[in-house]
Amino acid sequence: MAGFWRSVTTRVCAPWFRAVLYLCVIPLLPEYAAPFLVILAVVAAARDAKKEEKSFAIGTIGWVLLAFAAFFALSAPFAKQPMSAFTSTGLWVMMFGGYLALTTVLREKKRLHDALFTVTLVLGAVGAIGCVQYFLRFIGLETPLQVWAWLDKRVYAVFPFHVDLRIDGVRVCSTFGNPNILSQYLVMVTPLAAYHAFHAPHPSRRGISRFCLLAAIGCTAFTFSRGAYIALVAAAVVLVVANRRHIVTILMSALAAMLLIPDAVWSRIASLGRLDISGLERLSSWDICLEIIAKHPVFGTGCGIFYTWQVLAAAGTHAPHAHNTVLQILVEGGIVALCLLLYLAFHLIHSGVMLIRRRESEQLGFGFLAFVAAYGTQAMVEYAFTFPVLVGAFSVVLALADSATRLYVGRPVTALRRKKK
């Protein structure tokens, strides 16, 4: 036992693992903690690089992120809302920082899988909290649907603008401030947790990872986010193709799981074919955003959602953004930003395909393709790049993809500082 705890302490104290931990625990803490955790991760990664006589490393995806940050930074002074543009540009810089820290420290396959396991554990914790919230409400106990609501009220009270923290009904938020934000995080990470639950190199971790996966899926159900339901189905299709030899077992397990779905969730699923207030609001916001895009097609109105929010509010639509990633990117950055986004998606898909071609990393490649399918599906009705916690989670996935192709396929990365000969 003493040897076990000594091993755990040694790992936690290692700079590389602290960098991983700082980034992975972002979803467990309030939104405003994310920038500080990214800074801590970058510092820890710098210490690890110095210790190993290495340098910060940037892969193909990282260059696209850097281009995003540079484009929005250069266009911020000319934006419709310059202050909002500078703030949102900071989120892209934060995303690049988190990515850079991880790609720098994940230089070994063991580190990569330790990072995947850490991501899965955090996902399981967030999912379990959400499931407990729903269960307590289900049996009639009044319990907060936002874990950090008590702290958020005090912090947001000093902000110069109003932040609405009210949540109606029983839609769980876990450690997030809104069920839709929570659902986007769950959709991002669940495909990678599914890979780790069944194909992790360490069999002892698979059982724990499967519990985390079930907790995440259950929590997704209790967010009552229809976009998340469809997104997970898209991910499931990719993963079923990857494991088609076990199709009978998969179908039997799915049928058994369906028997445990509460009636409230079935009712929400049944509403997918109907246009309710939420659906009409999205259609209205899309129509308004198309008008904005037509006026600013090339460079957009500038980074940040506040201008879009103002235009939508003036038209009587109570949506904070376009509720569509493609449209919102076009509004903020025009065709230039959309091309960068498509280029980023291409490299993610390319990474998955290259990993699939190697037997050792085949299932991991399918995990990244499942992420693209799931996130791409939900991105048609949501927009993630305005919340620090989602930006942090997205940077982790991108770094894992670049690191995996570096370690299994040999795709090169660029050292930001050349070692002197």
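Above this text you will find the structure in question.
Parameters and conventions
Residues numbered from 1 in each chain as written. Predicted model: local features only at pLDDT ≥ 70, side-chain atom pairs only at ≥ 80, totals over all residues. Heavy atoms only, no water. 1 Å grid on protein atoms, 1.4 Å probe; cavity = no way out; pocket = protein on both sides within 12 Å on 5 of 7 lines; lining within 4 Å. Points joined across faces, edges and corners; volume = space filled by probe spheres on them. Helix = DSSP H or I, 4+ residues; strand = E, 2+ residues; numbered from the N terminus. Nonpolar A, V, L, I, M, F, W, Y, C, P; charged D, E, K, R; others polar. Patch = residues over 30% accessible without salt bridge, like charges linked within 9 Å, V, L, I, M, F, W, Y side chains within 5 Å. Areas by Shrake-Rupley, 256 points an atom, 1.4 Å probe, with all protein chains shown as cover. Salt bridge = Lys/Arg side-chain N within 4 Å of Asp/Glu carboxyl O. Buried < 20%, exposed > 50% of the residue type's maximum accessible area, 1.4 Å probe, protein only. Phe/Tyr/Trp six-rings, centres within 6.5 Å; stacked < 30°, edge-to-face > 60°.

The subject of this paragraph is empty space enclosed by the protein. Enumeration according to the criterion identifies 3 cavities of 30 Å³ or more in this entry. Approximately 60 Å³ is the volume found for the largest cavity. Around the largest cavity, the lining residues are Leu23, Cys24, Pro27, Val119, Val122, Tyr185, Val189, Gly392, Ala393, Val396 and Val397. Every element with two or more residues in the lining of the largest cavity is listed here: α2 (15–24), α6 (109–138), α8 (179–199) and α17 (388–408). The dominant element in the lining of the largest cavity, judged by the number of residues it contributes, is α17, at 4 residues. In this structure, the second largest cavity is lined by Ala79, Lys80, Gln81, Ser84, Thr301, Gly302, Cys303, Gly304, Phe306 and Tyr307. Looking at the lining of the second largest cavity residue by residue, the class counts come to 4 nonpolar, 5 polar and 1 charged.

Let us now look at a nonpolar patch on the surface. On the surface, Phe135, Phe138, Ile139 and Leu141 cluster together into a nonpolar patch covering about 450 Å² of accessible area. The residue Leu141 is located in the loop between α6 and α7 (149–156) in this model. For Leu141, a relative accessible area of 47% gives the class partly exposed.

We now examine the packing of aromatic side chains. Taken as a whole and assessed by the stated rule, the structure comprises 21 aromatic pairs. Between Phe71 and Phe72 the ring centres are 5.3 Å apart and the planes differ by 55 degrees, which places this aromatic pair in the tilted class. The two residues Phe71 and Phe72 agree in class, both being buried. Residues Trp148 and Trp150 carry aromatic rings whose centres are separated by 6.3 Å and whose planes lie at 40 degrees to one another, so their mutual orientation is tilted.

A word on the pattern of salt bridges. Applying the stated criterion to the full structure yields 8 salt bridges. Among the salt bridges present, the one from Lys109 reaches Glu360, with a minimum N-O distance of 3.2 Å. With a gap of 251 residues between them, Lys109 in helix α6 and Glu360 in the loop between α15 (325–356) and α16 (362–378) connect regions that are remote in the sequence. Overall, the relative accessible area of 32% leaves Lys109 in the partly exposed class. With relative accessibility at 57%, the residue Glu360 sits in the exposed group. Note that Arg411 and Asp402 form a salt bridge whose closest N and O atoms lie 2.8 Å from each other. Like Asp402, Arg411 is buried. Each member of the salt-bridge network shares a partner with another, and the members are Asp48, Arg107 and Arg111.

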